[in-house]
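# Secondary and tertiary structure notes
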Amino acid sequence: MSPKQYGKPQQKTIVLLGERVGYTLTRKSVKNLNLRINREGQVSLSIPRWVSQAQAEEFLQAKAEFILAGRKRAAQRQDLHPRELPTQQGSRVFLWGKPCLLEFGMQGGEEPEILRLPDPDTAEKTLQDFYRTQCQAKAESFLPQVLADFGDALSGLPTLRYRRMTSRWGSCNVKTRQITLNTRLAEYQETALLAVLYHEVTHLLCPDHSQKFYRELLRRCPRYREWTEVLK
């Protein structure tokens with residue numbers, strides 16, 4: 001391999017247990033082989049420069065069941081919560097973990113299983129605004145509880161922002177103390193949003209994801225891993 005290809009992602013395919021799987025291979029200055037499967041089921045493998053293509057594929061074959069299971073979970077998530085918001089009459093949407101049917105027109109009684117929007121032509125924007133409002137109201141009701149669990153450890157209060165994101169559930173700008181939450185959290189159980197809020201506030205104490213970070217996080221939110229399982 002040419003030195004120019006070091007660090008440059010390469011698109012590869014491999015057959016795992018009879019299933020053809022595409023993956024991204026990247027050679028880096030790392031000590032170990034690092035396998036990742038993102039929420040969309042995309043597989044990526046980072047390997048040290050001295051590892052051969054054959055060794056990389058041998059590693060993937062050894063992880064075949066893990067990879068296929070991860071891709072299956074990702075496909076199931078996409079079925080329940082597709083990246084693009086559904087905008088068709090009768091589509092299934094979720095609000096705080098509970099399924100609803102999308103209907104248009106404001107006539108009809110208030111039914112918990114029905115989410116009514118006024119106009120199909122503006123359905124996507126209206127639904128995004130609806131989730132943003134829901135996420136904001138819930139997060140700001142949770143924030144005092146979260147901050148109380150940090151006591152005097154925080155030197156200043158964070159500000160909350162909200163936007164629809166594709167690859168993160170939240171982010172924290174430590175310098176500005178601004179926390180941004182993914183408005184799609186309103187599709188999941190309330191505890192998922194609460195856990196993400198604990199996660200981002202913990203970054204005000206520990207900017208990275210070190211062992212200290214997780215000690216601080218789990219001390220204040222012992223059920224963090226349980227509550228975020230639905231987001232994986």
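Worth saying up front: this structure is predicted, and the values here are computed from it rather than measured. (Residues numbered from 1 in each chain as written. Predicted model: local features only at pLDDT ≥ 70, side-chain atom pairs only at ≥ 80, totals over all residues. Heavy atoms only, no water.)

Before going further, it helps to examine the overall build of the protein. Summing up its helical and strand segments, the protein has 6 helices and 10 strands in all. Taking the principal axes of its C-alpha atoms as reference, the protein extends roughly 65 × 50 × 30 Å. Put simply, of all contacts in the protein between residues at least 6 apart along the chain, 45% involve residues at least 24 apart. Computed over 36 positive and 25 negative side-chain charges, the separation of the two mean positions in the protein equals 11 Å. (Helix = DSSP H or I, 4+ residues; strand = E, 2+ residues; numbered from the N terminus. Contact = heavy atoms within 4.5 Å. Lys, Arg positive; Asp, Glu negative; His and termini not counted. Charge placed at Lys NZ, Arg CZ, Asp CG, Glu CD.)

Turning to the pairing of strand E5 (residues 92-95), a few remarks are in order. Strand direction decides the pairing type here: E5 and strand E6 (residues 98-104), joined by 4 bridges, are antiparallel. Within E6, the residue paired with Arg92 across the bridge is Leu101. As consecutive antiparallel partners, E5 and E6 are separated by 2 residues, and within that stretch Trp96 has a phi angle of approximately 50°, a positive value. (Pairing = 2+ DSSP bridges.)

In this section: unusual backbone geometry. In this structure, Leu17 takes a positive phi of about 50° despite not being glycine. As for its placement among the helices and strands, Leu17 is situated in the loop between strand E1 (10-16) and strand E2 (19-28). At Arg177, a residue that is not glycine, the phi angle is positive and equals roughly 60°. Here Arg177 shows up in the loop between strand E9 (170-173) and strand E10 (178-182). The buried category is assigned to Arg177, whose relative accessible area is 18%. (Buried < 20%, exposed > 50% of the residue type's maximum accessible area, 1.4 Å probe, protein only.)

Take the packing of aromatic side chains next. Under the criterion given, the structure shown has 4 aromatic pairs. Over the face of the ring belonging to Trp96 we find Lys138, whose NZ or CZ atom lies 5.3 Å from the ring centre. (Phe/Tyr/Trp six-rings, centres within 6.5 Å; stacked < 30°, edge-to-face > 60°. Lys NZ or Arg CZ within 6 Å of the ring centre and 35° of its normal.)

Attention now goes to the sheet that holds E2. Across the sheet, 4 strands lie side by side as E1-E2-E4-E3; this open sheet has mixed pairing. Of all strands in the sheet, those bounded by a partner on one side alone are E1 and strand E3 (34-37). The mean angle between the axes of side-by-side strands here comes to 30°, regardless of whether they run parallel or antiparallel. Note that E3 and strand E4 (residues 43-48) share 4 bridges and pair antiparallel. (Axes fitted to C-alpha atoms, helices over the stretch in contact; angles between N-to-C directions.)

This paragraph deals with the confidence of the model for the protein. With 91% of its residues at a pLDDT of 70 or more, the protein shows a mean pLDDT of 88. Per-element confidence in the protein is highest for helix H4 (residues 190-202), whose mean pLDDT is 97, and lowest for helix H2 (residues 64-80), whose mean pLDDT is 79. (pLDDT = per-residue confidence, 0-100.)

Time to look at the nonpolar core. Within the largest apolar cluster, 44 residues are counted, with the highest numbers of intra-cluster contacts made by Leu181, Leu197 and Val201. Taken together, the elements giving at least two residues each to this core come down to E6, strand E7 (114-117), helix H3 (123-150), strand E8 (159-163), E10, H4, helix H5 (211-220) and helix H6 (224-227). The biggest single contributor to this core is H3, with 10 residues. Not counting the four nearest positions on each side in its chain, Leu181 is found in contact with Cys135, Ala139, Arg161, Tyr162, Arg163, Met165, Trp169, Gly170, Val196 and Leu197. Formed by 15 residues, the second largest nonpolar core is a distinct cluster that contains Tyr23, Leu25, Ile47 and Val51. (Core = buried A, V, L, I, M, F, W, Y, C linked by side-chain atoms within 4.5 Å.)

The next thing to look at is the packing of H3 against H4. Between H3 and H4, whose axes approach to 9 Å, the crossing angle comes to 50°. Taken together, the axes of H3 and H4 are oblique relative to one another. Judged by the sense of rotation from one axis to the other, the crossing of H3 with H4 is right-handed. Taking contact as the criterion, the partners of Cys135, Lys138, Ala139, Phe142, Leu143, Gln145, Val146, Leu147, Asp149 and Phe150 in H3 are, on H4, Glu190, Leu193, Leu194, Leu197, Tyr198, Val201 and Thr202. Grouping the amino acids of the contact of H3 with H4 by side-chain chemistry returns 12 nonpolar, 2 polar and 3 charged. (Parallel < 35°, antiparallel > 145°, perpendicular 65-115°, else oblique. Left-handed = near helix turned anticlockwise from the far one by under 90°. Nonpolar A, V, L, I, M, F, W, Y, C, P; charged D, E, K, R; others polar.)

Positionally, Ser46 belongs in strand E4. Ser46 sits in the buried class, given a relative accessible area of 8%. Those residues in contact with Ser46, other than ones at most four positions away along the chain, are Thr26, Lys28, Asn32, Leu33, Asn34 and Arg36.

With respect to the helices and strands, Leu101 occurs in strand E6. In this structure, Leu101 is in contact with Gly90, Ser91, Glu113, Ile114 and Leu115, ignoring residues within four places of it in sequence.

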